[in-house]
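# Analysis of the macromolecular model
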Amino acid sequence: MKINIAIDGPSAAGKSTVSDQLAQLLGYVHLDTGAMYRLVAYLALENQLSLDDEKAIVELLKKADVKFEDNGDIYLNGNLVNEVIRTNEISMAASTVSKNPLVREALVALQKKIAANKGYILDGRDIGTVVLKDAEVKIFLTASAQDRARRRMLQNKAKGIKDDYEKLLNEIIARDKQDMDRAISPLKKADDAILVDSSNLSQEEVVNKIYQIVKEKL
Ligand code: DC
């Protein structure tokens, strides 16, 4: 029997990497819902739309040819956009665009549809509270803002991107605030989610911990 797993938490807590590894261990599919908001922000900026113009953004999204492949590849109108949606500019723009109710409505409907057959790990901000309220396993993965900034710096360094630690830390704190303070589906731990603090854990330890929680459920 396959189940669904919800992994929520603030930015740069390691949700995406941990979800990828869990998906491999379990033979499940990982859907990175943050990438969906990033794609919408990218689409809006590419078309010179204001990030608040939700009607125009959703219209554009409906007309766009968007593909989220099971292996994590994302295509927009035939172009692979995995990398271009990962810039610091798009991170903040995704957080801003995600405040719009119509945008959330469209993406949440898509996420629910994709996960309907079970065997999915969805990572995001509102998975346990809104998208998959009935997920069999819910994790809230967090870490201190400082740890997350350090981790993001290392990830970016590996990609050849140079960052300023203070700038990155401030961006993370600003994004946390915007994601937690928004009116609709703010970032928060679901009552039935298990809190995992990755501050003093290696990535492997986090994966093992969640894997054990899942195994107990299965
Ligand atoms: O997980 P991420 O950093 O790639 O997400 C980018 C932004 O998208 C995040 O700051 C808030 C928004 N988001 C959201 O509102 N709901 C989700 N389920 C996932 C992401």
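For the structure, see preceding data.
Before going into details, it helps to say that this report is about the structure given with it. Starting afresh in each chain, residues are numbered from 1 along the sequence in its written order. Under the rules for a predicted model, residues below a pLDDT of 70 receive no local features and side-chain atom pairs below 80 are neither given nor counted, while totals for whole chains, interfaces and linings still include all residues. With hydrogens and water excluded, all non-hydrogen atoms of the structure serve as input to the side-chain values.

## A word on the packing of helix α3 (residues 54-63) against helix α5 (residues 101-115)
The axes are straight lines fitted to the C-alpha atoms, using for helices just the contacting stretch, and the angles between their N-to-C directions are given from 0 to 180°. Only DSSP runs of H or I reaching four residues or more are called helices, and only runs of E reaching two or more are called strands; each is numbered from the N terminus. In the contact formed by α3 and α5, the axes pass within 8 Å of each other and the chain directions differ by 25°. It follows that α3 is roughly parallel to α5 by the angle criterion. On α5, the residues touching E54, K55, I57, V58 and L61 of α3 are P101, L102, V103, A106 and L107. Throughout this entry, Asp, Glu, Lys and Arg are counted as charged residues, while Ala, Val, Leu, Ile, Met, Phe, Trp, Tyr, Cys and Pro are counted as nonpolar. The remaining residues, Gly among them, count as polar. Of the residues assigned to the contact of α3 with α5, the class counts are eight nonpolar, no polar and two charged. Angles below 35 degrees are treated as roughly parallel, those above 145 as roughly antiparallel, those between 65 and 115 as roughly perpendicular, and all remaining angles as oblique. Contacts: residue pairs with any heavy atoms within 4.5 Å of one another.

## Some words on the sheet that holds strand β6 (residues 120-124)
Strands qualify as paired when DSSP identifies two bridges or more between them. Ordered in space as β2-β6-β1-β7-β8, the five strands form an open sheet in which the pairing is parallel. One side of each edge strand has no neighbouring strand; the edge strands of this open sheet are β2 (29-32) and β8 (194-197). When the angles between neighbouring strand axes are averaged without regard to direction, this sheet yields 20°. Bridge count between strand β1 (residues 4-8) and strand β7 (residues 137-142): four bridges; the pairing is parallel. Its bridge partner being in β7, A6 is matched across the sheet by K138. Contacting β2 and β6, helix α2 (residues 33-46) crosses the sheet at an angle of about 40° to β2. Across the sheet, helix α9 (residues 203-217) touches β1, β7 and β8, and the angle it forms with β7 is around 165°.

## Structural notes on the pattern of salt bridges
The rule for a salt bridge is simple: a side-chain nitrogen of Lys or Arg has to be within 4 Å of a carboxyl oxygen of Asp or Glu. Enumeration over the complete set of coordinates arrives at 12 salt bridges. Among the ionic pairs, R86 bridges to D32, the shortest N-O distance being 3.0 Å. Placement of R86 in the loop between β5 (79-80) and α4 (88-97) and of D32 in strand β2 is noted, with a sequence separation of 54 residues between them. Relative accessible area serves as the criterion here: at 14%, D32 is assigned to the buried category. A salt bridge links D179 to R125; the nearest nitrogen and oxygen atoms lie 3.3 Å apart. Of this pair, D179 sits in helix α8 (residues 165-181) while R125 sits in the loop between β6 and α6 (127-131), and the two are 54 residues apart along the sequence. Grouping residues by exposure puts D179 and R125 together as buried. It is possible to trace a salt-bridge network through shared partners that takes in R125, D179 and R182. Here's how the labels work: a residue is buried when its accessible area is under 20% of the maximum for its type, exposed when over 50%, partly exposed in between, all with a 1.4 Å probe on protein chains only.

## A closer look at the site of the ligand
To be near a molecule or strand, a residue needs just one of its heavy atoms within 4 Å of it. Surrounding the ligand, one finds 14 residues, the nearest of these being R38, R104, D126, R175 and D179. In this structure, an oxygen atom belonging to the ligand sits 2.9 Å away from a side-chain N or O atom of R125. At 2.8 Å, a side-chain N or O of D126 approaches a nitrogen atom of the ligand. Here the accessible surface of atoms and residues is derived via Shrake-Rupley with a 1.4 Å probe, and residues count as covered only by protein chains that are part of the display. Expressed as a share of its isolated accessible area of 450 Å², the protein-covered part of the ligand is 97%. Secondary-structure elements contributing two or more residues to the shell around the ligand are α2, α4 and α8. Per-element tally for the shell around the ligand: the top contributor is α2, with four residues. Here a polar contact means two N or O atoms within 3.5 Å. Within protein one must be a hydrogen donor candidate and the other an acceptor candidate, and residues neighboring in sequence count only if both atoms are side-chain atoms.

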